[in-house]
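# Analysis of the macromolecular model
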Amino acid sequence: MTDDIEAAAMDWFRTTGAGPFFVIKGMGFRNWSYRGQPQDMTLDIAFGQVGDLMVELIRPNGPWPNVYGDALPSGCRAHHHGYLVSDVDAAAARLEGDPITQADLSDTTELRYFDCRDRLGLFVELITDSEESRGFFDLSLAAARGWDGRTAPVRPFESAVA
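In this report, the structure presented in the accompanying data block is examined. Treat the numbers as computed from the prediction; the structure is a model and nothing was measured.

What follows deals with the pattern of salt bridges. Within the structure shown, the criterion is met by 10 salt bridges. A salt bridge links R112 to E110, with the nearest nitrogen and oxygen atoms 3.0 Å apart. Under the relative-accessibility criterion, R112 is labelled buried at 11%. The salt bridge partner of D129 is R134, with a shortest N-O separation of 2.7 Å. Under the relative-accessibility criterion, D129 is labelled partly exposed at 30%. A relative accessible area of 35% means that R134 is categorised as partly exposed.

Pasting the structure below:
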């Protein structure tokens, strides 16, 4: 999580060679909830690759508190690991307890955040492994594999699909 998407992406690029990062501003979700209550939330995100690992930088735009904390921190800090799972209910049962946040990306793809800080050190995000979500991850990986490692390390998402 970060208070400045572009600066955090450039820090990741300079420090680890990650990229290219694609920036989406104001990404909305359906049925976003926090602790079972509806919440009006959008996210500015940047996603890029470090090898086969996707890095997602998030700047929440909505009410506090939320799944990302009590207030927007300065700088950049780790928040969660996300996993594509074929059966969100079965994966959720293994995590035990209720999700902190749930949202729908579409009719076929949902996400759930679980607070696993006491056991794993951070939150866990479960994401439906659908054609839609897989396409998002595949797009990022393909862009990184075809990238020269220098040109436009941070770019708008539209350039990924153009």
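Now that the structure has been shown, the text picks up again.
This part takes up the pairing of strand β5 (residues 53–61). Of the strand pairs in this sheet, strand β4 (residues 42–50) and β5 are connected by 9 bridges, and their pairing is antiparallel. Each bridged residue has a counterpart across the sheet, and for I45 the counterpart in β5 is I58.

Pairing in this open sheet of 6 strands is mixed, and the strands run β3-β2-β7-β8-β9-β6 from one edge to the other. In the strand order of this sheet, the two ends are held by β3 (37–38) and β6 (80–85), each with one partner. Direction of pairing for strand β2 (residues 30–34) relative to strand β7 (residues 101–104): antiparallel, over a ladder of 3 bridges. Looking at the pairing, Y34 lines up with T101 of β7.

As a further point, take the environment of G51. If you trace the backbone, G51 turns up in the loop between β4 and β5. When the C-alpha atoms of G51 and R145 are compared, they prove to be 8.5 Å apart, with 94 residues separating the residues in sequence.

Before going further, it helps to spend a moment on helix α1 (residues 5–16). Between its first and last C-alpha atoms α1 spans 16 Å; for 12 residues at 1.5 Å apiece the expected length is 16 Å, and the two agree. When α1 is considered as a whole, its buried residues turn out to be I5, A8, A9 and F13. When α1 is viewed along its axis, its buried side chains cluster within an angular range of 140° and face the same direction. Looking at α1, the residues exposed on the side facing more than 90 degrees away from the buried face are R14 and T15.

Cut-offs used in this document
Per chain, the residues get numbers from 1 upward, laid out in the order the sequence is written. Given that this is a predicted model, residues contribute local features only at a pLDDT of at least 70 and side-chain atom pairs are listed and counted only at 80 or more, while totals for whole chains, interfaces and linings are drawn from all residues. As a convention, hydrogens and water are excluded, and side-chain values are obtained from all of the structure's heavy atoms. We count a salt bridge whenever a side-chain nitrogen from Lys or Arg sits within 4 Å of a carboxyl oxygen from Asp or Glu. Note on exposure labels: buried denotes an accessible area under 20% of the residue type's maximum, exposed denotes more than 50%, and partly exposed covers the range between, all computed with a 1.4 Å probe on protein chains only. By this definition, two strands are paired if DSSP reports at least two bridges between them. We count a stretch as a helix when DSSP gives it H or I for four or more residues in a row; a strand needs E for two or more, and each element gets its number in order from the N terminus. Helix span, as expected, comes to 1.5 Å for every residue beyond the first. The directions from the helix axis to the C-beta atoms form the arc being described.

Interpretation note: all reported values are geometric properties and have no functional meaning in isolation.
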